[in-house]
Amino acid sequence: MLGLAGAWACGGTSLDEDVDAACAGLLPGDVAITEYLNDPVGTDTGQEYVELHNPTRGPVDLYGLTLYASRADGSQETAYAVLEEMTVAAGDYLVLGDVRDGPVPAHVDHAYGDGLGALGNSGGRLGIRCGERVLDEVPLSAPAKSGASRIYDGRLVPDMAGNDDLSRWCDSPDAGAGGTFQGSPGAANAPCGPVGDAGVPEDAGVVVATCRPAGADAVRPVLLPAPGELVITEFMVNPRGDDTLGEWVELRATAPVDLNGVTLVAEAGEATVKAEGCLSLSAGEYAVLARRTDATLNGGLPPPMATFNMDLRNAGGRLQVKAGGVVLDAVDYGLAVDGVATQVSAPLADAVQNDAPSAWCAATAAYGSRGNMGTPGRGNRVCEGDGGTPGGVGDGGTSDGGVDAGTLEDGCIDRTTGRTRARRGPDGGSLVLTEFMADPQAVADATGEWVEVLALRDVDLNGVSLSNESGGRSTFDSALCLAVKAGGRAVLARSEDASLNGGLPAVLGTFNFNLANTTGSRKLELSLKGRVLDAVSWTGAAIPGVSSQLDPGRSDPQRNDWPGSFCPAPESARYGRGDRGTPGGVNRACAL
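Residues numbered from 1 in each chain as written. Predicted model: local features only at pLDDT ≥ 70, side-chain atom pairs only at ≥ 80, totals over all residues. Heavy atoms only, no water.

This brings us to the overall build of the chain. Secondary structure summary: the chain contains four helices and 44 strands in total. Taking as baseline every contact in the chain between residues at least 6 positions apart, the subset at least 24 positions apart corresponds to 63%. Put simply, the chain shows about 23,800 Å² of open surface, and 52% of that area lies on carbon and sulfur atoms. (Helix = DSSP H or I, 4+ residues; strand = E, 2+ residues; numbered from the N terminus. Contact = heavy atoms within 4.5 Å. Areas by Shrake-Rupley, 256 points an atom, 1.4 Å probe, with all protein chains shown as cover.)

Here you go:
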C-alpha cells in the first residue's frame, strides 16, 4: 500500500469522511505508540520503524487512522493514512516501517513507504489520529547511540498520557533482527529500570552500582547523592554563539557524592552520567555538566565533569537533578538573556532556598573569550538590589524590563514564552472534577492517590486549592504557570515521582492529605480564594486498584453532582503499574 505523499503529506485536505467514520469509534488511548527506531546505523531511509500497541481488551482495526510526524512545534508535518483493514488483536503489537523497495523485513508488519520521510533524530513529534482526534502522540528523543530503538518502559502499562513523559523512555537493550539494530519490534518491551541501574528491573534483586576510584585497582559502591546533597546553582541556557556547543549546568555538592548515575532532566529530555571511574565531589565542590568538553567549542569552560545532549529552552522551563529515580533538586526559570548565565545567590545555594525566584539573579562576571557572563565551577555572587531579576541589577537589558516571576502577586512564568504574564484564574464552571483514585493497589496510598481535573477553558491552577471532607487542604502554586488548556486534563497527585505514584502521567501539582477508602460522607472540593469552583461527594467505599471516573457525557460542574455520574474504571482502562483508570485521558462511558 502506498502512503499519501502528495497534498496530504504536505498538509493538504483531510481524509474522506467515510475514512474518518471507519475509525470514529476509537477513543484516545485505544492505540499507543510503544517503540520507534529514529536513528538507525547509516542512512535513515528504509530502516526506521514505529511500533503500535493495542492496550484494550478487544481487537482494534487501524483502517482510517493516520500516522504522522512533525517537528516539536508541529510544523513540517508528514503523514501516512491506513487505507485498508489492519487489525491488531487485544494486547498485541503492529509494526509499521519505512520500506520503500524490495521485500518487507520480518520485523515489519506493514510498510508506510516514504510517507513519513525521515523521523527526527533528536526531537519532534510522532502520533496517530483519526481525523482530528489524536489517539496518541509522543515526543521523539535521541538514542545514546545510533542503531538503538527508543522504547516505552516495559514495566508500565502503555497509555497515551504516560508515554508523553520522556523519562519513561529508554534505549532498547534487545538485539534486533540480524543484529543490525537494538530493538524489540512486535513484542513487549524490556524494563527501563531506575535511573543509573542500566535498565535492571526494580524487582530483579538488589543491584549495587560501582565505580573505580582514580588510581585504584578495585571498584567500590557509588555514593549516590540523597535529596539536598546535590544542588543546582547556575546554568547557561542561551550562550553567545551555538547553543548546542555552549550550554551548561553547574551543580554543587553539600556532602561527599559521586555523579555516576545522576540524571539531568530538562524540558527536551534527560541525560544520565555514565563512567567507569568514580566522578567524585567533596562537600562544597562544584561540577560543570556541559554540551561539549572541548574549551574551544564550549566557550572556554573549565573542564566539564560530564556532558549532556539535549537542548535547554531559552524561553524558560524546569531543570531537575535525579539519582536512583529520586529528585535531588529542581528549579524553574524564565526567559534567558543572551550570553548571561542565571545563578543562585551564594548564601541561598541549597535545595530548599533555591526554590524561590528571588534567590536567582544574572551573572556579572565574564568567562572565556566570547563575552559570556557566568562563574562556572566557582562560587556565585550575592544577589542583591535586583530582587532576583533575571537580567541582574536594574534588569541588565532584559527585553521585558526585568520583571521577574514571583515579583508580581498575580503573575507567573509562561512555559511557552518564558515571560511573566497575569494568571488566568478559573471561575465557577471552568473546572470539573472528573476522576479520582482513593485506593491504589500497585503502590501505597500515601504516594499513589490522585485526582483528575478537566478544564473547560484556558486556565492556570496557580492559587487553586483542593480539599476533602476532613479539612485536608493543599494549594497549588509555582513560579511557572500551572496552565491547563481548554479540554485538557490536569493530574493532581500525592507524589510526582512516577516510580512512587504507580506510573502516573505528568503531575501538575501535589496534595498532602489522604483520600478515604471506607464508606462515609466523602467530598472533594476545588476552590480559589475561598470561592468554590467544583465539588463532588460520595458515600461508597473505594474499590482497591480502581479509580472512580465521571461519565464523559456529564463533564460539567452541575451534572457531575447527579447520582450515578461516577462509576468504576473498566477492566480495559489501565495505566502505569496496572491499576485501573485513565489519569490525564478521556474517561470511559458509565452504564447510566
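Before going further, it helps to spend a moment on the sheet that holds strand E12 (residues 169-171). Pairing is mixed across the open sheet formed by six strands, whose spatial order is E8-E7-E2-E1-E11-E12. The open sheet has two free edges, formed respectively by strand E8 (110-111) and E12, since each of these has just one partner strand. Bridging between strand E1 (residues 32-37) and strand E11 (residues 150-152) involves two bridges; their strand directions are antiparallel. Looking across to E11, one finds that Tyr36 is bridged to Arg150. (Pairing = 2+ DSSP bridges.)

Following the sequence through the fold, Glu449 ends up in the loop between helix H4 (445-448) and strand E32 (450-455). Only 3.0 Å separates the side chain of Glu449 from the backbone nitrogen of Leu515, close enough to count as a polar contact. (Polar contact = N/O pair within 3.5 Å; in protein donor to acceptor, adjacent residues only side chain to side chain.)

Judged by nonpolar contacts, the single largest core of 33 residues is most densely connected at Leu230, Ile232, Phe235, Leu259 and Leu319. At the level of secondary structure, the elements contributing two or more residues to this core comprise strand E15 (230-236), strand E16 (248-253), strand E18 (262-266), strand E21 (286-290), strand E23 (317-323) and strand E24 (326-333). Not counting residues within four places of it along the chain, the set of residues in contact with Phe235 comprises Trp248, Val249, Leu319, Val331, Tyr333, Ala341, Thr342 and Trp360. Grouped together as the second largest cluster of nonpolar side chains are 30 residues, Leu67, Cys130, Leu135 and Trp169 included. (Core = buried A, V, L, I, M, F, W, Y, C linked by side-chain atoms within 4.5 Å. Buried < 20%, exposed > 50% of the residue type's maximum accessible area, 1.4 Å probe, protein only.)

Further remarks concern the sheet that holds strand E39 (residues 522-528). In spatial order, the strands read E35-E34-E39-E40; together these four strands make up an open sheet with antiparallel pairing. Here the strands that pair on one side only, and so sit at the sheet edges, are strand E35 (473-475) and strand E40 (531-538). Across this sheet, the average inter-strand angle for adjacent strands is 15°, counted without regard to direction. Across five bridges, strand E34 (residues 464-468) lies against E39 in antiparallel orientation. Bridge pairing in E39 places Leu466 opposite Leu526. (Axes fitted to C-alpha atoms, helices over the stretch in contact; angles between N-to-C directions.)

The subject of this paragraph is the pairing of strand E19 (residues 269-272). Covered by surrounding structure in E19 are Gly269 and Ala271 only, the residues Glu270 and Thr272 on the alternate face being uncovered. Taken together, the four bridges between E18 and E19 define a ladder with antiparallel strand orientation. Bridging across to E19, Ala266 finds its partner in Gly269. Between the end of E18 and the start of E19, which pair antiparallel, lie two residues.

The next subject is the pattern of salt bridges. Considering all chains together, one arrives at 25 salt bridges under this definition. When the shortest N-O distance is used, the salt bridge between Arg150 and Asp171 registers 2.7 Å. One end of the pair, Arg150, is in strand E11; the other, Asp171, is in strand E12, with 21 residues separating them in the sequence. Linked by salt bridges that have partners in common, Arg57, Glu571, Arg574 and Arg580 make up one network. (Salt bridge = Lys/Arg side-chain N within 4 Å of Asp/Glu carboxyl O.)

Let us look at the confidence of the model for the chain. On average, residues of the chain score 85 in pLDDT, and 89% of them are at 70 or above. For the chain, helix H1 (residues 17-22) is the element with the lowest average pLDDT, namely 60, and E15 is the one with the highest, namely 97. (pLDDT = per-residue confidence, 0-100.)

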